[in-house]
Amino acid sequence: NVGETDCDHIVASVEEKIIDVDGDGNKTAELRTIQLPSDINLLNEGQKIQAQEEYRQYSNEILGGDSEILLLDEYFYEELATTGALVNLREVFTELPPSAIDYYGLSLKKTPLYQLPGFSALPENTILCLKQSSPVSSRTEEERVEMQIMMEEQFRLLVAEESN
């Protein structure tokens, strides 16, 4: 189970690797955690209500949000990969990294990130991927393209030791 300290370590590790996008001298990463059961029918009524709220939050983040780097379990990764919500890694790397499980995700355990503080607390089958910027975002098309380019660069930096 991933604790608050692990989450703090993950954010600090990411902030060390990424670039300062606005030139203010600060690198900022945010980690939002949404834990969802893959089978809601196995839960009691109170747990089902909580899970439905978490799933609503997850759907809103995925459908309406900007480009983001995601850490997903296999179930939700497959769900997103089949909807076209993820960036094809051939658009990000000149050659797919050795950790690529397909054209849309990297095995977190096989990336340099997994060795950084906090990441090893995540399940070994966690998949690292990049979400497309949503057309229902509040940003203009130009802003979405800029955000997508910046997130692709950040994604490359996170796995830089193994990319070409």
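This report concerns the structure included in the present document.

What counts and what doesn't
- Residues numbered from 1 in each chain as written.
- Predicted model: local features only at pLDDT ≥ 70, side-chain atom pairs only at ≥ 80, totals over all residues.
- Heavy atoms only, no water.
- Salt bridge = Lys/Arg side-chain N within 4 Å of Asp/Glu carboxyl O.
- Helix = DSSP H or I, 4+ residues; strand = E, 2+ residues; numbered from the N terminus.
- Buried < 20%, exposed > 50% of the residue type's maximum accessible area, 1.4 Å probe, protein only.
- Expected span 1.5 Å × (residues − 1).
- Arc of directions from axis to C-beta.
- Patch = residues over 30% accessible without salt bridge, like charges linked within 9 Å, V, L, I, M, F, W, Y side chains within 5 Å.
- Areas by Shrake-Rupley, 256 points an atom, 1.4 Å probe, with all protein chains shown as cover.
- Lys, Arg positive; Asp, Glu negative; His and termini not counted.
- Charge placed at Lys NZ, Arg CZ, Asp CG, Glu CD.
- Core = buried A, V, L, I, M, F, W, Y, C linked by side-chain atoms within 4.5 Å.
- Contact = heavy atoms within 4.5 Å.

## A closer look at the pattern of salt bridges
Moving on, step 1. In the structure shown here, the tally under the stated rule is two salt bridges.
Moving on, step 2. Glu124 serves as the salt-bridge partner of Lys109, at 3.1 Å between the closest nitrogen and oxygen. Here Lys109 is found in the loop between strand 2 (106-107) and strand 3 (127-130), whereas its partner Glu124 is found in the loop between strand 2 and strand 3, with 15 residues between them in sequence.
Moving on, step 3. On the basis of relative accessible area, Glu124 is assigned to the exposed category, the value being 51%.

## Details of helix 4 (residues 141-158)
Three- or four-residue spacings in an α-helix give side chains the same orientation, since the helix completes a turn every 3.6 residues.
Moving on, step 1. Taking 1.5 Å of rise per residue, the 18 residues of helix 4 would be expected to cover 26 Å, and the 26 Å separating its terminal C-alpha atoms lies within 8% of that figure.
Moving on, step 2. Taken together, the buried positions of helix 4 are occupied by Arg144, Met147, Gln148, Met151, Glu152, Gln154, Phe155 and Leu158. Along the axis of helix 4, the buried positions cluster into a sector of 165°, meaning they face one direction only. Along helix 4, exposed side chains directed more than 90 degrees from the buried face belong to Glu142, Glu146 and Ile149.

## Thoughts on a negative patch on the surface
Moving on, step 1. A grouping of Asp73, Glu74, Glu78 and Asp102 is seen on the molecular surface, where their side chains present a negatively charged patch.
Moving on, step 2. Relative to the assigned elements, Glu78 resides in helix 3 (residues 74-81).
Moving on, step 3. Accessibility expressed as a relative area gives 46% for Glu78, which makes it partly exposed.

## Structural notes on the nonpolar core
Moving on, step 1. Formed by 22 residues in total, the largest nonpolar core has its most connected members in Val14, Phe119 and Phe155.
Moving on, step 2. Secondary structure elements with two or more residues in this core: helix 1 (4-17), strand 3 and helix 4.
Moving on, step 3. Counting residues per element, this core draws most heavily on helix 4, at four residues.
Moving on, step 4. Beyond its immediate sequence surroundings of up to four residues, Phe119 is in contact with Ile10, Ser13, Val14, Leu71, Leu108, Leu113 and Tyr114.

## Section: helix 1
Moving on, step 1. Across its 14 residues, helix 1 extends 20 Å between first and last C-alpha, which sits within 8% of the 20 Å expected from 1.5 Å per residue.
Moving on, step 2. Taken as a whole, helix 1 has its buried residues at Cys7, Ile10, Val11, Ser13, Val14 and Lys17. End-on, the buried residues of helix 1 take up no more than an arc of 165°, which puts them together on one face. Exposed and facing more than 90 degrees away from the buried side of helix 1 are Glu4, Thr5 and Glu16.

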